[in-house]
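Structure assessment
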Amino acid sequence: QVQLVESGGGLVQPGGSLRLSCAASGSIFRTYAMGWYRQAPGKQRELVAAITSGGDTNYADSVKDRFTISRDNAKNTVYLQMNSLKPEDTAVYYCYIDISTVVTRRNDYWGQGTQVTVSS
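What you are looking at is a predicted structure, and each value in this text was computed from that prediction instead of being measured. All residue numbers refer to position in the chain's written sequence, counted from 1. For a predicted model such as this one, the threshold for reporting local features is a pLDDT of at least 70, and the threshold for listing and counting side-chain atom pairs is 80 or more; totals across whole chains, interfaces and linings nevertheless cover every residue. Side-chain numbers here rest on the full set of heavy atoms in the structure, without hydrogens or water.

Before going further, it helps to examine the sheet that holds strand E1 (residues 2-7). Being paired, for any two strands, means DSSP has found at least two bridges between them. Counting from the N terminus, the helices are DSSP H or I runs at least four residues long and the strands are E runs at least two residues long. Overall, antiparallel pairing links the 4 strands, which are arranged E1-E3-E8-E7 in an open sheet. Sheet topology places E1 and strand E7 (67-72) at the edges, where each strand pairs with a single neighbour. Neighbouring strand axes in the sheet, compared pairwise and without regard to direction, differ in orientation by 15° on average. In this analysis, axes come from line fits to C-alpha atoms, helices being fitted only over the stretch in contact, and the angle between any two N-to-C directions falls in the range 0 to 180 degrees.

To continue, consider the packing of aromatic side chains. Stacked, edge-to-face and tilted labels apply to pairs of Phe, Tyr and Trp rings (six-membered ring for Trp) whose centres lie within 6.5 Å, assigned for plane angles under 30 degrees, over 60, and everything in between, in that order. Applying the stated criterion across every chain, the model contains 3 aromatic pairs. Between the aromatic rings of Tyr 96 and Trp 110, the centroid separation amounts to 5.5 Å while the plane-to-plane angle is 40°, which identifies the pairing as tilted. Residue Tyr 96 is located in strand E9 (residues 91-101), and its partner Trp 110 is located in strand E10 (residues 107-110); the two are separated by 14 residues in the primary sequence. Type-normalised accessible area, obtained with a 1.4 Å probe on protein chains alone, sets the label of each residue: buried when under 20%, exposed when over 50%, and partly exposed for intermediate values. By relative accessible area, which is 11% here, Tyr 96 ends up buried. The class of Trp 110 is partly exposed, set by a relative accessible area of 37%. Connected via pairs of aromatic rings, a cluster forms that spans Tyr 37, Tyr 96 and Trp 110. By the criterion adopted, a ring carries a charge over it if an Arg CZ or a Lys NZ lies within 6 Å of its centre and within 35 degrees of its normal. Lying over the aromatic face of Tyr 79, Arg 19 brings its terminal NZ or CZ to 4.1 Å of the ring centre. One cation-aromatic arrangement involves Arg 106 over Tyr 32; the distance from NZ or CZ to the ring centre is 3.8 Å.

Alignment of E9 against E10, held across 4 bridges, turns out to be antiparallel. Counterpart to Asp 98 in the pairing with E10 is Asp 108.

Cysteine sulfurs are considered disulfide-paired once they come within 2.5 Å of each other. With the rule as written, the count across this model stands at 1 disulfide. A sulfur-sulfur separation of 2.0 Å characterises the disulfide bridge that pairs Cys 22 with Cys 95. Handedness here is read from the sign of the S-S torsion; for Cys 22 and Cys 95, about 55°, the answer is right-handed. Of the two residues, Cys 22 is situated in strand E3 (residues 18-26) and Cys 95 in strand E9; the sequence distance between them amounts to 73 residues.

Together, Phe 29, Val 102 and Val 103 give the surface a local cluster of nonpolar side chains, amounting to about 380 Å² of exposed area. Relative to the helices and strands, Phe 29 resides in strand E4 (residues 28-39). Like charges are joined within 9 Å and nonpolar side chains (Val, Leu, Ile, Met, Phe, Trp, Tyr) within 5 Å, but only among residues with over 30% relative accessible area and no salt bridge; these make up the patches. Using a 1.4 Å probe, the Shrake-Rupley method yields the accessible areas, and only the shown protein chains count as cover for residues. For this document, the term salt bridge refers to a Lys or Arg side-chain nitrogen within 4 Å of an Asp or Glu carboxyl oxygen.

Attention shifts here to the pairing of strand E11 (residues 114-118). The alternating pattern of E11 places Thr 114, Val 116 and Val 118 on a buried face and Gln 115 and Thr 117 on a face that is not buried. Of the pairings in the sheet, the one linking strand E2 (residues 10-12) to E11 comprises 3 bridges and is parallel in character. Its bridge partner being in E11, Gly 10 is matched across the sheet by Val 116. Inspection of the sheet shows E9 paired to E11 by 3 bridges, in the antiparallel sense. Within E11, the residue paired with Tyr 93 across the bridge is Thr 114.

Structure follows, in structure tokens:
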């Protein structure tokens, strides 16, 4: 069984920064792509950033040059550094990690979500 635990959300003023973390634990054999989605009230969930096992990244246009995704394979952890935050970044952020375990093929596992609120 695999669990993902997110941390790092909270309330921040416009222009501020936050760093989200998402750590996977359990009978992990290998990790593949990792990423972050977000969902604001009344809106569809959208991809924020993703990173491949080789380190290639892609970002939503709305967060380019402000957010940075990274990963630590030894810790089975993905990070999202968010700088120059704007009120429109307010949302629940969900991480995902594509994982194969010792008994299962690859599946996407999801974190529980962490609230990010950008407000003065």
